[in-house]
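Survey of secondary and tertiary structure
Here is what each chain is made of, one letter per residue.
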Amino acid sequence: MPTPLRQAPSPNIDEETTLLHSPLDDPYATSKPIQSLPQLLSTFSFCFANGLLLCTYFIITLPLESARISEDLKSLYLGCFIAIAGLTQLMCPIIGMLSDVCTHRWGRRRPFMVLGGFFGCTFLSLQLYASVNEIWSLYSFAFALSMMSLNTIFSSMVGMVPDLIDESQVGAANGVQAVLSVTGGLFGFGFFYFVLDKQIQDLYLLYIFLVAFTIFLTVLSAEEQPIPSNNPKMFHRLPLAEVKKSYYLTPKEHGDFFWVTLSRTFYYMGISAQTFFLYFLKDIIKLSDPAAGVSILSSVAQCSAAMSAYPVGLYSDQLNRGRKMFIYVSCFILAVGNASFLFCRNLTSVIIISGLIGMGNGGYLSMDSALAVDCLPNKAESAKYLGIWGVASFIGTALGPMIGGPLLYFAGKTDIPGNYSIEGYALLLSMSVVYFIIAALVLRKVKTD
């Protein structure tokens with residue numbers, strides 16, 4: 001069992017102030033037990049549900065729901081949904097701070113995962129009801145709250161890596177998370193196409209089941225030790241000044257972690273072009289069933305990502321890190337792949353490029369999170385900082401479609417309602433290439449490797 005993370009504060013000192021401000025030695029400096037592969041898979045099993053949900057959400061569910069709202073304005077509605085998802089990420093640093101100082105008897109992270117799981121399943125159920133009855137204002141409200149719940153789970157879970165994983169296993173652990181995420185996406189696309197027969201509303205039932213089941217596995221598997229406390233509780237008061245500081249990153253104060261976070265933002269701005277891929281298959285590749293096409297392509301990409309993610313993480317540990325090199329290669333593959341889509345006019349060529357892009361994504365996802373853990377300014381506040389790092393992904397995921405949606409609409413609009421021209425997609429994909437290049441260039445500022 002891991003050693004307790006902190007010593008009990010002195011009874012004559014305010015406990016909440018001590019937890020937030022005490023100049024303790026690094027509680028993670030001691031080595032931790034080596035985790036077996038089954039332990040890693042079980043502890044981080046929510047990554048499977050998270051990968052399935054987010055991949056199918058942004059590539060199938062939201063594009064199809066947006067088209068149900070308005071065929072002509074679907075790209076704008078889709079951009080709005082992605083923006084909502086991005087805004088909800090602003091809560092991640094606060095959840096991270098709360099879990100960092102949580103003294104609940106279940107440990108620091110698991111109580112917040114259970115709470116997020118309960119509300120996540122509740123609001124996903126409300127989304128299903130609103131979708132069936134086409135109550136789009138209620139759907140948008142439930143979507144925002146379900147995203148907040150899922151962010152609560154994820155913000156808590158990422159703190160488990162520095163809490164429970166020895167430094168010699170950081171790459172492998174993040175490789176496991178990446179594999180779970182991409183195989184979750186692969187399972188979701190396959191399940192949607194082959195089992196659900198492309199019935200979008202049945203996807204919500206799958207979301208609810210997997211969120212509940214994977215959190216149950218994590219609660220059973222994660223060997224968290226609670227912070228010793230005279231008054232164990234889940235929520236501690238957070239000083240307003242601390243909350244404000246949790247949204248503040250500078251290269252001077254936070255060093256390499258700032259540049260890793262900024263690079264991640266541009267990466268997700270680039271990858272967000274995939275949100276519009278269902279429309280690309282219909283308008284440019286001329287598929288009669290673009291939903292089936294995007295399921296096949298995404299499955300190919302996820303398989304490729306799964307094959308590259310864990311080996312890259314494991315190999316980087318054996319190299320004694322070397323994370324940046326893999327990210328440079330990944331960004332190059334992603335930039336070339338997205339540019340190549342512009343020359344595709346049949347499904348075969350799109351499948352080949354999707355497989356190539358999947359390998360780049362798998363390597364990036366594995367190394368990005370490992371590098372973030374390597375560069376943490378303070379491992380005692382790991383969930384707070386990784387919450388900020390998580391915000392970067394959704395800022396990128398939100399900004400990409402917020403910029404790309406209007407560009408596609410105005411540059412690619414044709415006389416056919418809901419149809420976009422190659423000029424619009426050329427502008428959209430060219431922006432993605434630029435974002436990937438910037439993501440790689442920013443990472444050159446990082447001294448940690």
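The structure presented is a predicted model; accordingly, all values stated were derived computationally and were not measured.

Calculation criteria
- All chains use their own residue numbering, which begins from 1 and follows the written sequence.
- In keeping with the predicted nature of the model, local features appear solely for residues at pLDDT of at least 70, side-chain atom pairs appear and are counted solely at 80 or more, and the whole-chain, interface and lining totals rest on all residues.
- Remark: hydrogens and water are excluded; side-chain values derive from all non-hydrogen atoms of the structure.
- The pairing test for Phe, Tyr and Trp rings, Trp by its six-membered ring, is centres within 6.5 Å, and the orientation test on the planes gives stacked under 30 degrees, edge-to-face over 60, and tilted for anything in between.
- Each helix corresponds to a stretch of at least 4 residues labelled H or I by DSSP, and each strand to a stretch of at least 2 residues labelled E; elements are numbered beginning at the N terminus.
- Here the term buried applies to any residue with accessible area under 20% of the maximum for its type, exposed to any over 50%, and partly exposed to those in between, with areas from a 1.4 Å probe on protein chains only.
- Axes, fitted as lines to C-alpha atoms, cover a helix only where it is in contact. Angles between the N-to-C directions of the axes lie from 0 to 180 degrees.
- Angle categories: roughly parallel below 35 degrees, roughly antiparallel above 145, roughly perpendicular from 65 to 115, and oblique for all the rest.
- Take the far helix as your reference; a near helix turned counterclockwise from it by less than a right angle gives a left-handed crossing, and one turned clockwise gives a right-handed crossing.
- In what follows, a contact means two residues having at least one pair of non-hydrogen atoms within 4.5 Å.
- The patch calculation keeps residues exceeding 30% relative accessible area without a salt bridge and links them within 9 Å when they carry like charges or within 5 Å when they are nonpolar (Val, Leu, Ile, Met, Phe, Trp, Tyr).
- Here the accessible surface of atoms and residues is derived via Shrake-Rupley with a 1.4 Å probe, and residues count as covered only by protein chains that are part of the display.
- Definition used for salt bridges: Asp or Glu carboxyl oxygen within 4 Å of a side-chain nitrogen of Lys or Arg.
- Polar contacts here mean pairs of N or O atoms no more than 3.5 Å apart (in protein, one a potential hydrogen donor and the other a potential acceptor; neighbouring residues in sequence count only if both atoms are side-chain atoms).
- To estimate the expected span of a helix, subtract one from its residue number and multiply by 1.5 Å.
- Known as pLDDT, the predictor's per-residue confidence is scaled from 0 to 100.
- Asp, Glu, Lys and Arg are counted as charged, while Ala, Val, Leu, Ile, Met, Phe, Trp, Tyr, Cys and Pro are counted as nonpolar; the rest, among them Gly, fall into the polar class.

A closer look at the packing of aromatic side chains
- Counted by the stated rule, this structure contains 25 aromatic pairs.
- Here the aromatic rings of Tyr-267 and Phe-436 are separated by 5.9 Å at their centres, their planes lie at 55°, and the arrangement is tilted. On the criterion of sequence distance, the pair formed by Tyr-267 in helix α13 (residues 256-271) and Phe-436 in helix α19 (residues 422-443) is long-range, its members being 169 residues apart.
- Taking the relative accessible area as the measure of exposure, Tyr-267 reaches 2% and is therefore buried.
- A relative accessible area of 0% places Phe-436 in the buried class.
- Three or more aromatic residues link up through ring pairs in this structure, and these residues are Tyr-57, Phe-58, Phe-81, Trp-136, Tyr-139, Phe-143, Tyr-204 and Tyr-207.

What about the packing of helix α18 (residues 382-412) against α19?
- One way to put it is that α18 packs onto α19 with a least axis distance of 7 Å and a crossing angle of 150°. Judged on the interaxial angle alone, α19 and α18 are roughly antiparallel. At the point where α18 passes α19, the crossing takes the right-handed sense. Contacts between α18 and α19 involve Ile-403, Gly-404, Leu-407, Leu-408, Ala-411 and Gly-412 on the former and, on the latter, Glu-423, Gly-424, Tyr-425, Leu-427, Leu-428, Met-431 and Tyr-435.

Section: a nonpolar patch on the surface
- On the surface, a nonpolar cluster with roughly 390 Å² of combined accessible area is contributed by Leu-115, Phe-118, Phe-119 and Phe-235.
- With respect to the secondary-structure elements, Phe-119 resides in helix α6 (residues 110-133).
- Exposure remark for Phe-119: the relative accessible area of 36% places this residue in the partly exposed category.

Digging into the pattern of salt bridges
- Taken as a whole, this structure holds nine salt bridges when the rule is applied.
- When the shortest N-O distance is used, the salt bridge between Glu-65 and Arg-68 registers 2.8 Å. One end of the pair, Glu-65, and the other, Arg-68, are both in helix α3 (residues 46-69), three residues apart, so they sit about a helical turn from each other.
- As a salt-bridge pair, Arg-110 and Glu-224 come within 3.4 Å of each other at their nearest N and O atoms. Of this pair, Arg-110 sits in helix α6 while Glu-224 sits in the loop between α10 (200-221) and α11 (240-245), and the two are 114 residues apart along the sequence.
- For Glu-224, a relative accessible area of 7% translates into the label buried.

With respect to the environment of Gly-363
- Relative to the elements of secondary structure, Gly-363 occurs in helix α17 (residues 347-374).
- For Gly-363, a relative accessible area of 3% corresponds to the buried category.

Concerning the side chain of Lys-74
- Within the secondary structure, Lys-74 sits in helix α4 (residues 74-88).
- For Lys-74, a relative accessible area of 2% corresponds to the buried category.
- Among the polar contacts made by the side chain of Lys-74, one reaches the side chain of Glu-71 at a distance of 2.9 Å.
- When near neighbours in sequence (up to four residues on either side) are disregarded, Lys-74 contacts Ser-66, Ala-67, Tyr-279, Lys-282, Gly-418 and Tyr-420.

Describing the side chain of Asn-151
- Residue position: Asn-151 is located in helix α7 (residues 136-158).
- Apart from residues no more than four positions distant in its own chain, Asn-151 is found in contact with Thr-88, Gln-89, Met-91 and Cys-92.

Things to note about α4
- Taking 1.5 Å of rise per residue, 15 residues should cover 21 Å, and α4 covers 21 Å from first to last C-alpha, within 8% of that figure.
- All of the buried residues in α4 are Lys-74, Ser-75, Leu-78, Gly-79, Phe-81, Ile-82, Ala-83, Ala-85, Gly-86 and Thr-88.
- Against the buried residues of α4 lie α3, α7, α14 (277-283) and α18.

Thoughts on the confidence of the model for the chain
- With 92% of its residues at a pLDDT of at least 70, the chain reaches an overall mean of 83.
- Within the chain, helix α1 (residues 15-21) has the poorest average pLDDT of any element, 48, and α6 the best, 95.
- This model gives residues 1-15 a pLDDT under 50, and the stretch forms 34 contacts once residues within four places in sequence are excluded.
- Throughout residues 21-29 the model reports pLDDT below 50, and contacts reaching past four residues in sequence, or to other chains, amount to 14 contacts.

Details of the packing of α6 against α7
- At their nearest, the axes of α6 and α7 sit 8 Å apart, and the two run at 160° to each other. With respect to each other, α6 and α7 are oriented roughly antiparallel. As α6 runs across α7, the sense of the crossing is left-handed.
- When its residues are assigned to classes, the contact of α6 with α7 shows 16 nonpolar, nine polar and no charged.

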